[in-house]
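# Observations on the three-dimensional arrangement
Chain residues, written in single-letter form:
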Amino acid sequence: MSGYITLSEGPFSYPIDTVCSGPAATCTEDLDSDGCTDVVCAANDRLKWYENVGGTGTDFVRHMIYSSFDGGAVSTADIDDDGDPDVVSASWYGQQIRWFENPQGSSPWPSHLMASGYSSAQSACSADIDGDGDQDVLGTSFYQNEITWWENTDGSGTDWLEHKIDGNFEGARRVRTYDIDSDGDIDVIGSSDLNGVVLWINEDGSGFDWTELAIAPGYRMSFALHMTDIDWDGDVDVVSVSAYEENLMDRPTHF
């Protein structure tokens, strides 16, 4: 089944790709370091990036990252600390977390498997969880009910050590990171089908001592999660959506 990837600007829409099988997730990043924002797309059959030629958003050239991808999530970070953004992915059906090394103008993109058998991997993002100066990776497993982080032990993305944050986060969906308590280290926010939206405080900055706080326990089947300062008070707020909001349907909800 073909799908569409479009760029919207006010009332106008510009097609990026009109023949894309089952597009599942997108993100943006200047992958070729030309000063223009490009687009990455995770689909049912491919992981691709679209070069924003000229930076106008009206002319895109499609490039392959990985030809055996099967749905999931995608994000970007400089995993190998070489100065350019790499691509991190979660594969639902492939049950894998991978990162793809940015070849900067050449191809293919070297693929690095971080986790296999990670059942129905729903989300993947990157942050320096242990405060050692390199990018670690976080992921969620829907069927294993897990939020996990992988330690980038040598800083080059070639050696990973798995650490579980929560193994009872039922129907884990999304994971995001932010220094919520402003103590200088990275905390973790997750959304799920049964546990709602939850915050884990990184107590000592090591990534091994977590305190769990329920943000919205009744906010079930939460499929999206974002961080921004909604009320302009100088701190970050959490934005989410719920397909089934238990015990919260009779009143406006914010958290």
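The structure presented is a predicted model; accordingly, all values stated were derived computationally and were not measured.

On the surface, Asp181, Asp183, Glu203, Asp204 and Asp209 cluster together into a negatively charged patch. According to the relative accessible area criterion, Asp183 is partly exposed, its value standing at 39%.

This part covers the layout of surface pockets. As a volume, the largest pocket reaches approximately 200 Å³. Lining the largest pocket are 16 residues, and of these Ala25, Ala73, Val74, Arg174 and Arg176 sit closest to its centre. Here the residues of the lining of the largest pocket sort into eight nonpolar, six polar and two charged.

The sheet built from four strands is open, its strands ordered β3-β4-β5-β6 with antiparallel pairing. Edge positions in the sheet fall to β3 (25-29) and β6 (60-66), since each has one partner strand and no second. Taken over all neighbouring pairs, the strand axes of this sheet differ in orientation by 25 degrees on average, direction set aside. Sheet analysis places strand β4 (residues 38-42) next to strand β5 (residues 47-52), joined by four bridges and oriented antiparallel. Residue Val39 lies in a different strand from β5, and its bridge partner there is Tyr50.

With that settled, the discussion passes to the packing of aromatic side chains. A complete count under the given rule lists six aromatic pairs for this structure. Their ring planes at 80 degrees and their centres at 6.3 Å tell us that Trp92 and Tyr93 sit as a pair that is edge-to-face.

Before going further, it helps to examine the environment of Met221. For Met221, the location among the structural elements is in strand β19 (residues 219-228). Using a relative accessible area of 32% as the deciding quantity, one classes Met221 as partly exposed. Between the C-alpha atoms of Met221 and Val241, which are 20 residues apart in sequence, the distance is 8.2 Å.

Turning our eyes to something else, we now look at the nonpolar core. Ile79, Ile97, Met114, Val137, Trp150 and Trp160 are the most contacted members of the largest nonpolar core, which has 15 residues in total. Of all elements in the fold, only β7 (72-77), β8 (86-91), β9 (96-100), β10 (111-116) and β11 (121-127) reach the threshold of two or more residues within this core.

When a strand is regular, its side chains alternate between the sheet's two faces. Taken across its six residues, β8 has six buried, putting it largely inside the fold. Side-chain alternation along β8 places Asp86, Val88 and Ala90 on one buried face and Val87, Ser89 and Ser91 on a second face that is also buried. Here β8 runs beside β9; their pairing, made up of five bridges, is antiparallel. Within β9, the position partnered with Val87 by the bridge is Phe100. Once β8 ends, the chain turns through four residues before running back antiparallel as β9, passing Gln95 with a positive phi of about 55 degrees.

To continue, consider the environment of Ile186. By the secondary structure assignment, Ile186 is in the loop between β15 (172-178) and β16 (187-192). For the pair Ile186 and Asp204, spaced 18 residues apart in sequence, the C-alpha separation works out to 10.0 Å. If we ignore the near neighbours within four places in the chain, the residues touching Ile186 are Ala127, Asp128, Ile129, Thr177, Tyr178, Asp179, Asn202 and Trp210.

In this model, Ser33 sits at a positive phi of 55 degrees, which is unusual for a non-glycine residue. Looking at where Ser33 falls in the secondary structure, it is placed in the loop between β3 and β4. Even without being a glycine, Asn145 presents a positive backbone phi close to 55 degrees. Looking at the secondary structure, you find Asn145 in the loop between β12 (136-141) and β13 (146-152).

What counts, and at which threshold
- Residues numbered from 1 in each chain as written.
- Predicted model: local features only at pLDDT ≥ 70, side-chain atom pairs only at ≥ 80, totals over all residues.
- Heavy atoms only, no water.
- Patch = residues over 30% accessible without salt bridge, like charges linked within 9 Å, V, L, I, M, F, W, Y side chains within 5 Å.
- Areas by Shrake-Rupley, 256 points an atom, 1.4 Å probe, with all protein chains shown as cover.
- Salt bridge = Lys/Arg side-chain N within 4 Å of Asp/Glu carboxyl O.
- Lys, Arg positive; Asp, Glu negative; His and termini not counted.
- Charge placed at Lys NZ, Arg CZ, Asp CG, Glu CD.
- Buried < 20%, exposed > 50% of the residue type's maximum accessible area, 1.4 Å probe, protein only.
- 1 Å grid on protein atoms, 1.4 Å probe; cavity = no way out; pocket = protein on both sides within 12 Å on 5 of 7 lines; lining within 4 Å.
- Points joined across faces, edges and corners; volume = space filled by probe spheres on them.
- Nonpolar A, V, L, I, M, F, W, Y, C, P; charged D, E, K, R; others polar.
- Pairing = 2+ DSSP bridges.
- Helix = DSSP H or I, 4+ residues; strand = E, 2+ residues; numbered from the N terminus.
- Axes fitted to C-alpha atoms, helices over the stretch in contact; angles between N-to-C directions.
- Phe/Tyr/Trp six-rings, centres within 6.5 Å; stacked < 30°, edge-to-face > 60°.
- Core = buried A, V, L, I, M, F, W, Y, C linked by side-chain atoms within 4.5 Å.
- Contact = heavy atoms within 4.5 Å.

All quantities given are derived from atomic positions and should not be read as evidence of function.
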